[in-house]
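# Architecture at a glance
Spelled out from the first residue to the last, the chains are:
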Amino acid sequence: MEYKIHTLHRGKFIWILLGGLFAVGYILSFFELRELIKIIALLFCIPAIMFLGAKLSYQDSAWTIDGNRLIIEKAGRTSEVAIDQIEYIKNHMRSGGNLLAIYRKGKSTPMRVWRNKLFVNTDQFDELTARLRELGIEFVIA
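Heads up: these notes are all about the structure in this document. (Residues numbered from 1 in each chain as written. Predicted model: local features only at pLDDT ≥ 70, side-chain atom pairs only at ≥ 80, totals over all residues. Heavy atoms only, no water.)

### Concerning the overall build of the protein chain
The number of helices and strands found in the protein chain is 3 helices and 8 strands. Each helix and strand of the protein chain, placed in order from N terminus to C terminus, yields the pattern β-α-α-β-β-β-β-β-β-α-β. What you see for the protein chain is a C-alpha radius of gyration of 19 Å, clearly larger than the 14 Å of a compact globule of 142 residues, by over 25%. Counting only residues that meet the buried cut, the protein chain has 37% of its 142 residues in that class. (Helix = DSSP H or I, 4+ residues; strand = E, 2+ residues; numbered from the N terminus. Rg over C-alpha atoms; globule rule 2.2 N^0.38 Å. Buried < 20%, exposed > 50% of the residue type's maximum accessible area, 1.4 Å probe, protein only.)

Put into structure tokens, the structure is as follows:
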């Protein structure tokens, strides 16, 4: 079974967000306006910069459960994990999405995937989590 999940490249999103805020602030510094007006203008730019960041760093991913394997295809790369090797999945819920950390038995570093909920339609995340729970994988809410 294949599930489509909206994901982001975290680093690219943060660079676009912070770079956009600094660029707008820098441009506003050249105008002869009161500081309060500049701050309000910068605050009104935040949603547009977030929209731009979410659109430019968007990555569609396909999560496939094939027998005893979880296959994650994202940005031309494929990661494969045996279901019986997954110790648990930690779900860090955020307002703009979820940071999923997949902890594997015998590995200290988790595999991380950032799910995006900003400016996109609903994906199949709920169906994926329900299926993984059916397979006996524990989800920890963080």
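Continuing now.
### Quick look at the environment of Ile 37
As for its position among the elements, Ile 37 is in helix α2 (residues 35-56). Separated by 30 residues in sequence, Ile 37 and Gly 67 place their C-alpha atoms 59 Å apart.

### What to know about the pattern of salt bridges
For the structure shown, the criterion picks out 6 salt bridges. One salt bridge connects Glu 80 with Arg 69, and the closest N-O pair in it is separated by 3.1 Å. Of this pair, Glu 80 sits in strand β4 (residues 77-82) while Arg 69 sits in strand β3 (residues 69-74); the two residues are 11 residues apart in sequence, bridging distant segments of the chain. Measuring nitrogen to oxygen at the nearest pair gives 3.1 Å for the salt bridge that ties Arg 131 to Glu 134. Of the two residues, Arg 131 and Glu 134 both sit in helix α3 (residues 125-134), 3 residues apart, roughly one turn of that helix. Of the residues examined, Arg 131 reaches a relative accessible area of 29% and is grouped as partly exposed. One salt-bridge network, in which partners are shared between bridges, spans Asp 66, Arg 69 and Glu 80. (Salt bridge = Lys/Arg side-chain N within 4 Å of Asp/Glu carboxyl O.)

### A look at the pairing of β3
Here strand β2 (residues 58-66) runs beside β3; their pairing, made up of 6 bridges, is antiparallel. Paired with Ser 61 across the bridge in β3 is Lys 74. Bridge count between β3 and β4: 6 bridges; the pairing is antiparallel. Bridging from a neighbouring strand, Lys 74 pairs with Arg 77 of β4. (Pairing = 2+ DSSP bridges.)

### Examining the environment of Glu 80
Judged by relative accessible area, which is 49%, Glu 80 ranks as partly exposed. The contacts of Glu 80, once residues within four sequence positions are left out, are Arg 69, Leu 70 and Ile 71. (Contact = heavy atoms within 4.5 Å.)

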